[in-house]
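Examination of the molecular architecture
Letter by letter, the chains look like this.
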Amino acid sequence: MAGRAPIPARNSALIAMIADEDTIVGFLMAGVGNVDIRRKTNYLIVDSKTTVRQIEDAFKEFSARDDIAIILLSQYIANMIRFLVDSYNKPVPAILEIPSKDHPYDPAHDSVLSRVKYLFSAESVSQR
Amino acid sequence: MAGDEGTEIYEEREESMDAAVGKEEAEIKTEGKEDENILQFLDSLDGYLTLMDSVNSKLREGWFDLASARHSMGTLRINSTLLDLKYHPAASTLQVTDQEVGSLGSVPRFALSKWASKGCGSPKGKDFSTDTDSEIGSPLSQQLRHRGVSEKPSAKDETTLAADEEIKKERAKSLSVFGGLVSPKLRGAQLSFETALETLVEIANMRASMLSAFERITEK
């Protein structure tokens, strides 16, 4: 990518998650869970009592951390903080929108695909 | 005199033709690079959508097995309140490097390291650096059983077996928060989520190359 600062190499980078309970439990069984000395985790379980503010704060915290390389975000949760997700444009950590049990993946809402669908729009074709 | 003028005109015409040919060749090269970027972008986009479909089905398997395990073991034995909140590092981590990819320039590359041994300097876990051409590695090494004369296992096989044993222990440790005896469905769910994790790392790599190709195309 032209003009981009080189990405520093990282070893033992973490995968952060903001998702529902079953998705978090599943990925924790896969060994992704990390708890540091201050008892801060690399995941946030979202349920009916979780506020949008808490989700925003968790997203901002995970995206600012140097030790996190990928953030897994359930798509229905990403829709709650869509403006934050769409305005995020750093290469690392990479934001991946995943389906959840009750909300299947919708490519139309994916922030990455929304960014590139401009290439297929009638306006971009007429400009060429 | 007329002959000299004619020669000069001829030479001028040759020079302008050479310049035009050179310009045409440069244009063809630029178009070629643009086509390469567009092809790279379309390939990455196709790979991204295919992998998302794959992760979708793997996650569904995992949720289904988790629900089955919850049904057989009970809701109280499988829920988030049992999660370990004591200090512990992640067993599966990522390596991030900046990789030069042809016309795309530098692109971040993610490699998954599953079940790395905790507290050790060098990870003993298997490195699942994913390439689009390579298959997703199975965490359990499956060897064919041969009847008849068995040969002594080589040093490499012993190392692989030792690593597999470590991975089995780490896996069992991960499930230990749910009790000593767990349902086979829970182990099945664990494997499904592990496979989903590998696919997600591939998706992250595909996303990076897609965005890089997109930036190159829209630069012009």
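Analysis parameters
- Residues numbered from 1 in each chain as written.
- Chains lettered and ligands numbered in written order.
- Predicted model: local features only at pLDDT ≥ 70, side-chain atom pairs only at ≥ 80, totals over all residues.
- Heavy atoms only, no water.
- Helix = DSSP H or I, 4+ residues; strand = E, 2+ residues; numbered from the N terminus.
- Buried < 20%, exposed > 50% of the residue type's maximum accessible area, 1.4 Å probe, protein only.
- Lys, Arg positive; Asp, Glu negative; His and termini not counted.
- Salt bridge = Lys/Arg side-chain N within 4 Å of Asp/Glu carboxyl O.
- 1 Å grid on protein atoms, 1.4 Å probe; cavity = no way out; pocket = protein on both sides within 12 Å on 5 of 7 lines; lining within 4 Å.
- Points joined across faces, edges and corners; volume = space filled by probe spheres on them.
- Nonpolar A, V, L, I, M, F, W, Y, C, P; charged D, E, K, R; others polar.
- pLDDT = per-residue confidence, 0-100.
- Contact = heavy atoms within 4.5 Å.
- Buried area = accessible area lost by both parts, 1.4 Å probe.
- Polar contact = N/O pair within 3.5 Å; in protein donor to acceptor, adjacent residues only side chain to side chain.
- Phe/Tyr/Trp six-rings, centres within 6.5 Å; stacked < 30°, edge-to-face > 60°.
- Core = buried A, V, L, I, M, F, W, Y, C linked by side-chain atoms within 4.5 Å.

A closer look at the side chain of Asp110(A)
Residue placement: Asp110(A) occurs in the loop between strand 4 (94-98) and helix 5 (111-116). Despite its burial, Asp110(A) remains without a salt bridge, the nearest opposite charge being carried by Arg82(A) at 6.3 Å.

Some thoughts on the layout of surface pockets
For the largest pocket, the calculated volume is near 350 Å³. Residue lining of the largest pocket: 20 residues in total, with Leu28(A), Asp84(B), His88(B), Lys173(B) and Ser174(B) positioned closest to the centre. Those elements that provide at least two residues to the lining of the largest pocket are helix 1 (21-29) of chain A together with helix 2 (155-175) of chain B. Its residues assigned to classes, the lining of the largest pocket comprises 11 nonpolar, five polar and four charged.

Some thoughts on the confidence of the model for chain B
All names here are of chain B. On average, residues of chain B score 79 in pLDDT, and 78% of them are at 70 or above. Contacts of residues 129-143 to residues separated by more than four positions or lying in other chains number 31 contacts, the stretch itself having pLDDT below 50. What the predictor reports for the complex is a pTM of 0.80 with an ipTM of 0.90.

Topic: the interface of chain B and chain A
Between chain B and chain A, the residue contacts involve 62 residues of the former and 58 residues of the latter. Both sides together, the interface formed by chain B and chain A hides about 5000 Å², and carbon and sulfur atoms give 68% of it. Applying the counting rule to chain B against chain A returns one salt bridge. A salt bridge links Arg70(B) to Asp22(A), with the nearest nitrogen and oxygen atoms 2.9 Å apart. On the surface where chain B and chain A come into contact, there are 14 residue pairs in polar contact (both at pLDDT 80 or more). When residues of the side of chain B that touches chain A are traced back to their parent elements, those giving at least two are helix 1 (2-73), strand 1 (93-101), strand 2 (105-114), helix 2 and helix 3 (184-219) of chain B. Take the side of chain B that touches chain A: its biggest share by element is 21 residues, from helix 3 of chain B.

What about the packing of aromatic side chains?
Summed over all chains, the structure comprises three aromatic pairs over all chains. With a centroid separation of 5.2 Å and an interplanar angle of 75°, the aromatic rings of Phe27(A) and Phe193(B) are classed as edge-to-face. Note that Phe27(A) is positioned in helix 1 and Phe193(B) in helix 3, a pairing that runs across two chains. The class for Phe27(A) is buried, based on a relative accessible area of 1%.

As for the nonpolar core
Counting residues in each nonpolar core, the largest one holds 47 residues, and the members touching the most others are Phe27(A), Ile70(A), Leu72(A), Tyr48(B) and Phe110(B). Top element by residues in this core is helix 3 of chain B. It accounts for 13 residues. Ignoring anything within four residues of it in the chain, the contact list for Phe27(A) reads Met17(A), Val32(A), Leu72(A), Ile98(A), Leu59(B), Phe193(B), Ala196(B), Leu197(B) and Leu200(B).

Details of unusual backbone geometry
All names here are of chain A. Of note, the bond from Val92 into Pro93 is cis; its omega dihedral lies within 30 degrees of zero at 0°. If you trace the backbone, Pro93 turns up in the loop between helix 4 (82-87) and strand 4. The phi angle at Ser12 is positive, at roughly 55°, despite the residue not being glycine. Residues other than glycine seldom take positive phi values, yet Arg39 does so here, at roughly 65°. On the secondary structure map, Arg39 appears in the loop between helix 1 and strand 2 (43-45).

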